[in-house]
Amino acid sequence: MRERVKSAVLALLFVLMLVLLFVSLTLGVESDEGLLARVFGVPAAADETELQPRIAAEIRVLAICTPDGVHMPESSEEKTEMLSAVSAVYSEAVGSLGEVTAITRRQYLALIDTPAVYLGFDTELPFSLLRTWVGYDAVEYESRLRSLVVSVADGNVVIAWYDTAAEEYRMAPTAAATEQLEQLCTDRGEANAVFAFQDSAFSALREDEPVLLSLITGTIYSMQPANFAQSGEVPRELLAGFDINPYLARVYEESGDVVYVEGYNVLRAGAQGELVYTSGSEDQGISLGLPDSQQENWSLLLEGARVLLSELSAQAGAGGVYSLREISTDESGETTILFDLLLDGWPILTERPAAHVTVQNGRVTYLRMEPHRFEAAGEQTILPARQAAAALQGESNLCLSVRYVQNEEGLLVPTLCSSEGQNGVE
């Protein structure tokens, strides 16, 4: 009898040990994360990396004014190479900004001459973000812009732009080396572009809009949503990316969606491929790993959100690159960040942002994304700029840029699109 009781107690203790081990592991005890991954198939949490400010907004257009004329990149590879070439001069100029003064439109356009570099963004940005992205402290004033020119005036490198907040053209001297800018502009290839104010055929465009004259070809893509509702299950790796434990979460179906609930955290995998994460508590949510002193730093919030989206896309087997569309913070301190999705450096044209991230106290409390898988499905020669400009006669203050547009067959086709410019008139 005594032996049977002893055996029963030992068996009970063994079961209790297994239960305690399972609970400690699933609650994410740090020292046991590796064992958790091996025993239960749950990926260990990735080591936190220190976030550094990085450019989060894709450069829409890039042009270099050379002694032979204007040169623009004709491929995503050349664009990357040109951006690398101008980065040193651009960074030094943006970081060493001197006293800002107002200038006229004519003075601004006169700076678009050799040697000069023009950069245009797909969204309106505070100048302070440009500075932090190149490694400098934010400026005290809040100038906003969509494009800028790095040029030479009176023997010094200057920056000029149209301030969309103040609605005036502005210029500031910098400490960048004139010789470096001149050498950069001399080393470029032959002229293949013009600015709109230099050619009457482009009168419908914004005056400082650079226009590529050569023909370019882009890749056509097929696209398929990463539809997890269809399979009825979200992969464990992706759940872990949303900070949801598959063994503790409750799972149910609702109107074709698959819903995971763990504590205050909810992840909904929509029937159309959309993923929506919400946290009902401010001290919950997905941590971006920011110290308390940096939780209002737009540069680091952007980088944290961009890294998170990139990791989630990889875990979903999806493609594309996220680029900032808009960022804002309300009176409660809640920051909303909207992203576009790019293929080959060109945005996919959609009615709403490709991703929406809300951050409170350094934690993501809301995230919506639509991960897609893309495959090359051919090539498309893009409409020449002169033909597009001819079709826009009678319009004014427009910009031309390539976008991916979904056609009737569901394919993404690179298309030259026009959009309203932001610069004022004198």
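Just above sits the structure.
Keep in mind that what you see is a predicted model, and the values were worked out from it rather than measured.

Caption draft 1: Structural context of the overall build of the protein. Helices and strands together make up the secondary structure of the protein, namely 10 helices and 23 strands. Looking at the protein residue by residue over its 426 residues, the buried ones come to 47%. Sequence-distant contacts in the protein: of pairs separated by 6 or more residues, those separated by 24 or more amount to 62%. Roughly 21,000 Å² of accessible area belongs to the protein as shown, and the carbon and sulfur atoms make up 49% of that amount.

Caption draft 2: Structural context of the pattern of salt bridges. Considering all chains together, one arrives at 20 salt bridges under this definition. Here E303 makes a salt bridge to R306, at a shortest N to O gap of 2.8 Å. One end of the pair, E303, and the other, R306, are both in helix α9 (residues 298–315), three residues apart, so they sit about a helical turn from each other. Across this residue pair, the class does not change: E303 and R306 are buried. Ionic pairing is found between R368 and E370, a salt bridge with its closest N-O pair at 3.4 Å. E370 gets classed as partly exposed once you look at its relative accessible area, which sits at 26%. Salt bridges sharing partners connect three or more residues here, namely R60, R206, D208 and E209.

Caption draft 3: Structural view of the environment of V61. Summarising the element assignment, V61 is placed in strand β1 (residues 59–66). When its relative accessible area of 7% is taken as the criterion, V61 is described as buried. With 59 residues separating them in the primary sequence, V61 and G120 have C-alpha atoms 5.0 Å apart. Not counting the four nearest positions on each side in its chain, V61 is found in contact with M72, Y118, L119, G120 and P210.

Caption draft 4: Inspection of the packing of helix α3 (residues 76–95) against helix α6 (residues 178–186) at higher detail. Contact geometry of α3 with α6 gives a least axis separation of 10 Å together with a crossing angle of 160 degrees. Taken together, the axes of α3 and α6 are roughly antiparallel relative to one another. At the point where α3 passes α6, the crossing takes the left-handed sense. Across the interface between the two elements, A85, V86, A88 and V89 from α3 touch Q180, L181 and L184 from α6. Partitioning the contact of α3 with α6 into residue classes produces six nonpolar, one polar and no charged.

Caption draft 5: Summary view of α3. Taking 1.5 Å of rise per residue, the 20 residues of α3 would be expected to cover 28 Å, and the 26 Å separating its terminal C-alpha atoms lies within 8% of that figure. Of all the bends in α3, the largest measures some 45 degrees and sits at S87. Listed in full, the buried residues belonging to α3 are K79, M82, V86, V89, Y90, A93, V94 and G95.

Caption draft 6: Up close: the side chain of S147. Relative to the helices and strands, S147 resides in strand β5 (residues 144–153). One polar contact links S147 to Y118, side chain to side chain, over a distance of 3.3 Å. Other than its neighbours up to four places away in sequence, S147 contacts Y108, Y118, L119, G120, W161, Y162, R206 and D208.

Caption draft 7: Inspection of α9 at higher detail. With 18 residues, α9 should cover 26 Å at 1.5 Å per step; its first-to-last C-alpha distance of 26 Å lies within 8% of that length. By the burial criterion, the buried members of α9 are S299, L300, L301, L302, E303, G304, A305, R306, L308, L309, L312 and S313. The N-cap of α9, judged by a side-chain oxygen 2.9 Å from the amide nitrogen of S299 a few residues on, is N297. Following α9 by one or two positions, G317 has its phi on the positive side, about 70 degrees.

Caption draft 8: The pairing of strand β6 (residues 156–163), seen in detail. Of all eight residues in β6, seven are buried; the element is thus mostly enclosed. Here β5 pairs with β6 via six bridges, running antiparallel. Its bridge partner being in β6, L148 is matched across the sheet by W161. Hairpin connection of β5 to β6: two residues between the antiparallel strands, including D154 at a positive phi of 55 degrees. Where β6 meets strand β7 (residues 168–173), six bridges bridge the pair, whose relative direction is antiparallel. Bridge pairing links I159 to A172 in β7. In textbook terms, the turn of a hairpin is the stretch between consecutive antiparallel strands, and for β6 and β7 this stretch comprises four residues, one of which, E167, has a positive phi near 60 degrees.

Caption draft 9: Quick peek at the environment of V251. Tracing the backbone shows V251 in strand β11 (residues 250–254). For the pair V251 and V261, spaced 10 residues apart in sequence, the C-alpha to C-alpha distance is 6.5 Å. For V251, the contacting residues outside a window of four places in its chain are V258, V259 and Y260.

What counts and how
Residues numbered from 1 in each chain as written. Predicted model: local features only at pLDDT ≥ 70, side-chain atom pairs only at ≥ 80, totals over all residues. Heavy atoms only, no water. Helix = DSSP H or I, 4+ residues; strand = E, 2+ residues; numbered from the N terminus. Buried < 20%, exposed > 50% of the residue type's maximum accessible area, 1.4 Å probe, protein only. Contact = heavy atoms within 4.5 Å. Areas by Shrake-Rupley, 256 points an atom, 1.4 Å probe, with all protein chains shown as cover. Salt bridge = Lys/Arg side-chain N within 4 Å of Asp/Glu carboxyl O. Axes fitted to C-alpha atoms, helices over the stretch in contact; angles between N-to-C directions. Parallel < 35°, antiparallel > 145°, perpendicular 65-115°, else oblique. Left-handed = near helix turned anticlockwise from the far one by under 90°. Nonpolar A, V, L, I, M, F, W, Y, C, P; charged D, E, K, R; others polar. Expected span 1.5 Å × (residues − 1). Bend = angle between axes of the 7 residues up to and from the residue. Polar contact = N/O pair within 3.5 Å; in protein donor to acceptor, adjacent residues only side chain to side chain. Pairing = 2+ DSSP bridges.

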